[in-house]
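Letter by letter, the chains look like this.
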Amino acid sequence: MDIQEVEKSIGYEFRDKSLLIRALTLPSYSEDNYQSLEFFGDAILEFLVSEHIYNEEQREGALTERRKALVSDSALAPVSRRLGLERNIIKSPGDTTNKKATPSVYESMVAAVYLDGGMDAARAFVLRTLDFEAEAPGRNYKGDLQELLQGRGEKCPVYMKEDVGTPREPVFRATVEAFGESFSAESGSVRGAEQLAAKAALEFIEKGI
């Protein structure tokens, strides 16, 4: 496992590195493993997701279903892979079948960050890494922008990201260069900001078509 790689990818530097190591250690490798952290992280994650979506204009039942979708294994697994957690899992050589570990190590990492840096650090980690746009219906502006630029023979869009919020209220600004212009947008998640920046670029070019 590469500790520096993991810390860089999750955007958090641990004071207690043993928490990071335990969050990625499976029972097949050591008795000091991620299971208790996963249990704790699951509860923290549900709270933070509930807190974030609380003000969405949806009925209680719809909010419950949205939270379930955001914290499901199918939603957390790609996040874990994108952050490089899956490839840094510590396990015995013969452990090749534990697919549940991929989403579970994200939950254990939430708990590890909380224990190391407190709730503000855990909140910032979740809002920075969890894809709150994944289950939201609507147009995929990033995909559409990339397809349009490629169709014109132009380079794929590159998004510049900046953290402009606070630990309690994370806000991210994304900027994309397209059609000779610069388009920026802000959101509570990196991917949300990128989608909104791409939307602004598409609206600009579609007005001129």
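Going by the structure above, here's the rest.
These lines cover the structure that appears in this document, whether it is placed above or below. (Residues numbered from 1 in each chain as written. Predicted model: local features only at pLDDT ≥ 70, side-chain atom pairs only at ≥ 80, totals over all residues. Heavy atoms only, no water.)

1. Remarks on the packing of helix H3 (residues 35-53) against helix H6 (residues 101-117)
Part 1 of the argument: It is at 7 Å that the axes of H3 and H6 come closest, and there the two elements cross at 80 degrees. On the basis of their axis angle, the class for H3 and H6 is roughly perpendicular. Taking contact as the criterion, the partners of Leu37, Glu38, Phe40, Gly41, Asp42, Ile44 and Leu45 in H3 are, on H6, Ser104, Tyr106, Glu107, Ser108, Val110, Ala111, Ala112, Tyr114 and Leu115.
Part 2 of the argument: Here the contact of H3 with H6 is built from residues that sort into 10 nonpolar, three polar and three charged. (Axes fitted to C-alpha atoms, helices over the stretch in contact; angles between N-to-C directions. Helix = DSSP H or I, 4+ residues; strand = E, 2+ residues; numbered from the N terminus. Parallel < 35°, antiparallel > 145°, perpendicular 65-115°, else oblique. Contact = heavy atoms within 4.5 Å. Nonpolar A, V, L, I, M, F, W, Y, C, P; charged D, E, K, R; others polar.)

2. Points about the nonpolar core
Part 1 of the argument: The biggest cluster of nonpolar side chains holds 39 residues, and the ones touching the most others in it are Tyr106 and Met109.
Part 2 of the argument: Broken down by secondary-structure element, the contributors of at least two residues to this core are helix H1 (3-10), helix H2 (17-23), H3, helix H4 (60-70), helix H5 (73-82), H6 and helix H7 (119-129).
Part 3 of the argument: Not counting residues up to four positions away in its chain, the partners in contact with Met109 are Val6, Ile10, Phe14, Leu20, Ala23, Leu24, Leu85 and Phe125.
Part 4 of the argument: Leu149, Val176, Ala193 and Ile205 belong to the second largest nonpolar core, which has 16 residues in total. (Core = buried A, V, L, I, M, F, W, Y, C linked by side-chain atoms within 4.5 Å. Buried < 20%, exposed > 50% of the residue type's maximum accessible area, 1.4 Å probe, protein only.)

3. Considerations on H4
Part 1 of the argument: Residues Leu63, Arg66 and Leu70 constitute the buried set of H4. For H4, the angular spread of the buried residues around the axis is 65 degrees, confining them to a single face.
Part 2 of the argument: In the core, the buried residues of H4 are packed alongside H3 and H5. (Arc of directions from axis to C-beta.)

4. Digging into the sheet that holds strand S3 (residues 181-187)
Part 1 of the argument: One open sheet accounts for three strands, arranged S1-S2-S3; its pairing is antiparallel. Looking at strand neighbours, the two that pair on one side only are strand S1 (159-163) and S3, the edges of this open sheet. Each neighbouring strand pair of the sheet contributes to a mean axis angle of 20 degrees, computed without reference to strand direction.
Part 2 of the argument: Across seven bridges, strand S2 (residues 172-178) lies against S3 in antiparallel orientation. Counterpart to Thr175 in the pairing with S3 is Ser184.
Part 3 of the argument: Together, S1, S2 and S3 form the strand contacts of helix H9 (residues 190-207), whose direction differs from that of S3 by roughly 140 degrees. (Pairing = 2+ DSSP bridges.)

5. A few points about the pairing of S2
Part 1 of the argument: A large share of S2 lies buried, amounting to five of its seven residues.
Part 2 of the argument: Sheet topology note: the S1/S2 ladder contains five bridges and is antiparallel. Bridge pairing in S2 places Tyr159 opposite Val176.
Part 3 of the argument: Between the antiparallel neighbours S2 and S3 lie two residues, among them Phe179 with a positive phi of about 55 degrees.

6. Some remarks on the pattern of salt bridges
Part 1 of the argument: Considering all chains together, one arrives at 13 salt bridges under this definition.
Part 2 of the argument: Among the ionic pairs, Glu38 bridges to Lys100, the shortest N-O distance being 3.2 Å. One end of the pair, Glu38, is in helix H3; the other, Lys100, is in the loop between H5 and H6, and 62 residues separate them in sequence.
Part 3 of the argument: The exposure class assigned to Lys100 is partly exposed, which follows from its relative accessible area of 37%.
Part 4 of the argument: Among the salt bridges present, the one from Arg123 reaches Asp120, with a minimum N-O distance of 2.9 Å. (Salt bridge = Lys/Arg side-chain N within 4 Å of Asp/Glu carboxyl O.)

Functional significance is not addressed by these values, which are geometric in nature.
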